[in-house]
Every structure is written in C-alpha cells, then in structure tokens.
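Geometric and topological summary
So the chains spell out like this:
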Amino acid sequence: MTKTMRISSQEMQDVLYKLFLKYKFSEEKARLLATTYTESTLSGVNSHGINRVPLFLEYIENGSVKVDSEAQKAETFGSIERWDGHFGPGIINATKCTNRAIELAKQHGLGLVALRNTNHWMRGGTYGQMAADAGCISILFTNTQPNMPPWGGKDSRIGNNPFIVSIPREEGHIVLDMAISQFAFGKINDYKLRGKKLPFPGGWDADDELSNDPEKITVKERGLPIGYWKGSALSIVLDMLATLLAAGDSTYKIGLKDYETGISQVFLCIDPTVFGDKELQHRLINEIIAYTHDVEPMKPGDKIYYPGERSAHTKEENMKHGMPVSDSVWKKILALSS
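Read on for an overview of the structure. In this text the structure is predicted, and so the values were computed from the model without any measurement. (Residues numbered from 1 in each chain as written. Predicted model: local features only at pLDDT ≥ 70, side-chain atom pairs only at ≥ 80, totals over all residues. Heavy atoms only, no water.)

1. Structural notes on the overall build of the protein chain
On a plain count of helices and strands, the protein chain comes out with 12 helices and 11 strands. Over its C-alpha trace the protein chain gives a radius of gyration of 20 Å, about what one expects of a compact globule, namely 20 Å for 338 residues. If one aligns the C-alpha atoms of the protein chain with their principal axes, the spans along those axes are about 55 × 55 × 45 Å. Within the protein chain, the proportion of its 338 residues that are buried is 49%. When contacts within the protein chain are restricted to residue pairs at least 6 apart in sequence, those whose partners lie at least 24 apart make up 65%. Carbon and sulfur atoms make up 55% of the accessible area of the protein chain, which totals about 16500 Å². If the 39 positive side-chain charges of the protein chain are averaged to one point and the 41 negative ones to another, these points end up 4 Å apart. (Helix = DSSP H or I, 4+ residues; strand = E, 2+ residues; numbered from the N terminus. Rg over C-alpha atoms; globule rule 2.2 N^0.38 Å. Buried < 20%, exposed > 50% of the residue type's maximum accessible area, 1.4 Å probe, protein only. Contact = heavy atoms within 4.5 Å. Areas by Shrake-Rupley, 256 points an atom, 1.4 Å probe, with all protein chains shown as cover. Lys, Arg positive; Asp, Glu negative; His and termini not counted. Charge placed at Lys NZ, Arg CZ, Asp CG, Glu CD.)

And the structure:
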C-alpha cells in the first residue's frame, strides 16, 4: 500500500510553479500550469493532477510537448473556428480554446473551436468548469491514443476519448467529466499506485478475460468501454467528430506515433442567456436535481449526487485539511523541482 501525505493547495502551487519555471515556461504559463494541476488534485482527481506531472515533464524532455508553442487560429467560419495547437502544452492550448469558444458564444449565442496538433489537456472537467464560471453551457471532447478494443476485437483500435458537459448553476455547476472507458487509464494507474483493485471490471488481461486488477489491465492497455458495445460506438463517433471538425489526427494516426501527441479536440459553448428565460432555466434544472436526490439509496447512509457535486465536496474538504498525495509522487516532484 502506497503511503499518502497531506499537502496544502498553496504549497503545491508554489512547488509546481517553481518546477515549471525550471522547465523554461514563462511566469504566466508556469502559474496557469501550477494552478490547473493543483485544482485537479483539490477535486480528488490525482490521476490527472499531481500524479500526471512527472509524465508531462517526460513529454517535454522527449520533444512531444513544445514549451514555447501554443494554439493559433487557422481558419474561421463565423461562430466556428479551427485552431492549430503546434504541439504546445495541452493545458495552455485547451484554456486558450475554451476562452475563445466562450467569446464566440457570447457574440453569436454558440461558439465552436476545433483544435488539432495538441497534447493531453489533463482533467477535461477543468474546461467545463471554466465555461460554467463564464455562464456558458459546454460540450467538450478529445480523442486519444488507441487504448480500448472495438467491441468484439482483441487489440486496441479506439480511444477512451473523454467527454465533458457542463451547465452553469448558482448553487453549484453541473459538470460531467467522463472517459468512454469504464475507468480512465490515469484512474487505473491511481488504483495501481495505491495497491487496490478496481471496484468493477475495467479491462481485459493478457488471457482476454475481464479483470479488476490494474496490474493485469495495464500489461496490454485494453480498457473496457462504458456500456460495452454502446461505449465502443460512442468512442468511434467522438473520434470521427474531433478528427473531421479539427482536420486533425484520428486515434489511428495518433497510435502510429511513439507517444500520445497531436490529438484533436472540440470546444463547444452555448450562452443560455440568449433565450431570455433565466428563471425558467433555474427552476427546470433544480427540479431535475431535486427529483434525482429524492430517491432511497440501495445502501443505507449513501447519498445520490448530480455530476460534479461529489468533486465539489471533495475540493471543499481538501481545502480545509490538505490534499492526500502519494508520498512517492510528492518526493519525486520535490526532487525534480530542486
């Protein structure tokens, strides 16, 4: 079992800021990266927060992530734009494209930015939260390297293609952030790091049997699609949409590379104020939430959550008590930053 320790938000941001400056990021970009990785960890998503930092630095060192590059607009079609990420850091590119989609939505009611040649955006919910903070509904998705077999196949040909939907709400935003695999591979590695089994089968082992053992699943990286054949189909369609809209690389092309880079992403934002019925929207959303909450749990003492509610509670607790972080991961971060 991996030991954990509690780290404050400020301490993590300070250490990461120093680390990213060491890797030649500007002060502004180093601060954005440090804040984003810390926020993901605060929300309990260590797999795409602090745990992912060493791998991000490896991608810089092997040339997959270009420190000085960032996304630029390539084509515009009114409220729809295509951008080229030039293999810059995924967080910086995704932040820039989310902000642009928000600007387009405020101008046209709806804005869509499709991005090619970028890198892993880490926690997709970061950008859903960003859109909701700006008062926008968002639908965001990305393709990935092949890490799941299409339904009935033996080898990985499709990606777990994270899919995000956010809806702004004064009492707490709704933020759905999910991979199209039963467990994101960052989450599988998180369970592996903690020496725990997955609560449900998450992929196939070397003998083509479904398994909840992260050690066995990561041997061949064959994740289980959500909903079995339905998740497989959804993964394929999201890859098609991201590739076509961005005019970028598909999961197939990404899989031909030595590292997961040059991925395609879509940022769609909608400004709900164009409808002019804010009170109605508020009532309808709260009606759905109240109806969902008002169900007897199967296990006494459990609580039913809407998407994003549990992570908001986790963030609140971690702000009070510090974030639980793997002792070995934090020691590695400190060594890299010294």
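2. Some thoughts on the environment of Asn-119
Tracing the backbone through its elements, the reader meets Asn-119 in the loop between strand S4 (110-118) and helix H5 (125-133). Residue Asn-119 is classed as buried on the basis of its relative accessible area, which comes to 2%. Taking the C-alpha atoms as reference points, Asn-119 and Glu-260, separated by 141 residues in sequence, lie 7.5 Å from one another. Those residues within four positions of Asn-119 in sequence are excluded, and the remaining contacts are Ser-64, Val-65, Phe-87, Gly-88, Gly-90, Glu-260, Thr-261, Gly-262, Ile-263 and Gln-265.

3. Comments concerning the pattern of salt bridges
Side chains that differ in sign of charge can pair as their charged atoms come close. Applying the stated criterion to the full structure yields 18 salt bridges. In this structure, the salt-bridge partner of Lys-192 is Glu-215, at a minimum N-O distance of 4.0 Å. Within this pair, whereas Lys-192 is found in helix H6 (residues 185-193), its partner Glu-215 is found in helix H7 (residues 214-220), the two being separated by 23 residues in sequence. Ionic pairing is found between Asp-208 and Arg-222, a salt bridge with its closest N-O pair at 2.9 Å. Taken together, the residues span a long stretch of sequence, with Asp-208 in the loop between strand S8 (203-204) and strand S9 (210-211) and Arg-222 in the loop between H7 and helix H8 (229-246) at a distance of 14 residues. A single network of salt bridges, built from pairs that share partners, joins Lys-73, Glu-81, Arg-100 and Glu-103. (Salt bridge = Lys/Arg side-chain N within 4 Å of Asp/Glu carboxyl O.)

4. Here's the deal with the nonpolar core
With 48 residues, the main nonpolar core has Leu-16, Phe-20, Phe-25 and Phe-56 as its most contacted residues. Sorting elements by how many residues they give to this core places helix H4 (residues 90-108) first, with eight residues. For Leu-16, the contacting residues outside a window of four places in its chain are Ala-34, Tyr-37, Thr-38, Ile-50, Val-53 and Ile-333. (Core = buried A, V, L, I, M, F, W, Y, C linked by side-chain atoms within 4.5 Å.)

5. Regarding the state of the cysteines
Using the criterion set out here, one finds zero disulfides in the structure. Cysteine Cys-97 is unpaired, with the sulfur of Cys-269 as its nearest cysteine sulfur at 11 Å. In this structure Cys-269 is a free cysteine whose sulfur lies 5.2 Å from that of Cys-136, the closest cysteine sulfur available. (Disulfide = S-S within 2.5 Å.)

6. Structural notes on the side chain of Asn-161
By the secondary structure assignment, Asn-161 is in the loop between strand S5 (137-142) and strand S6 (163-167). Here Thr-144 takes part through its backbone nitrogen, which lies 3.2 Å from a polar atom of the side chain of Asn-161. Within the structure, the side chain of Asn-161 is placed 2.9 Å from the backbone oxygen of Ser-235, a separation counted as a polar contact. (Polar contact = N/O pair within 3.5 Å; in protein donor to acceptor, adjacent residues only side chain to side chain.)

7. Some details on H5
Those residues of H5 not exposed but buried are Gly-125, Thr-126, Tyr-127, Gly-128, Ala-131 and Ala-132. Along its buried surface, H5 packs onto helix H2 (27-42), H4, S5, S6, strand S7 (174-178) and strand S10 (263-270). A positive backbone phi angle near 85 degrees is found at Gly-135, which sits one or two residues after H5.

8. Brief notes about the side chain of Ser-43
Looking at the secondary structure, you find Ser-43 in the loop between H2 and helix H3 (53-61). Among the residues examined, Ser-43 registers a relative accessible area of 10% and is labelled buried. Beyond its immediate stretch of four places on either side in the chain, Ser-43 contacts Arg-123, Ser-311, Thr-314 and Lys-315.

9. Let's talk about the environment of Thr-95
Along the chain, Thr-95 falls in helix H4. We classify Thr-95 as buried; its relative accessible area is 11%. A sequence separation of 236 residues divides Thr-95 from Lys-331, and the C-alpha atoms of the two residues are 28 Å apart. Dropping the residues within four chain positions of it, Thr-95 is found in contact with Leu-32, Tyr-127 and Met-130.

10. Focus: the packing of H2 against helix H11 (residues 309-321)
The relative placement of two packed helices is expressed as an angle between their axes plus a distance between the axes. It is at 8 Å that the axes of H2 and H11 come closest, and there the two elements cross at 105 degrees. When the axis of H2 is compared with that of H11, the two are roughly perpendicular. Where H2 approaches H11, its residues Glu-39, Thr-41 and Leu-42 are matched on the opposing element by Thr-314, Lys-315, Asn-318 and Met-319. For the contact of H2 with H11, the class distribution of residues is two nonpolar, three polar and two charged. (Axes fitted to C-alpha atoms, helices over the stretch in contact; angles between N-to-C directions. Parallel < 35°, antiparallel > 145°, perpendicular 65-115°, else oblique. Nonpolar A, V, L, I, M, F, W, Y, C, P; charged D, E, K, R; others polar.)

11. Brief notes about the packing of aromatic side chains
Under the defined criterion, the tally for this structure stands at 14 aromatic pairs. On the basis of an interplanar angle of 85 degrees and a centroid distance of 6.1 Å, the ring pair of Phe-20 and Phe-25 is categorised as edge-to-face. On the basis of relative accessible area, Phe-20 is assigned to the buried category, the value being 0%. A residue is classified by how much of its surface remains accessible, and Phe-25, at 5% relative accessible area, is buried. Taking 6.3 Å as the distance between ring centres and 75 degrees as the angle between the ring planes, the aromatic pair formed by Phe-183 and Tyr-191 counts as edge-to-face. With relative accessibility at 9%, the residue Phe-183 sits in the buried group. Taken together, the ring pairs connect Phe-20, Phe-25, Tyr-37 and Phe-56 into an aromatic cluster. The ring centre of Tyr-17 lies 3.7 Å from the NZ or CZ of Arg-31, which sits over that ring. (Phe/Tyr/Trp six-rings, centres within 6.5 Å; stacked < 30°, edge-to-face > 60°. Lys NZ or Arg CZ within 6 Å of the ring centre and 35° of its normal.)

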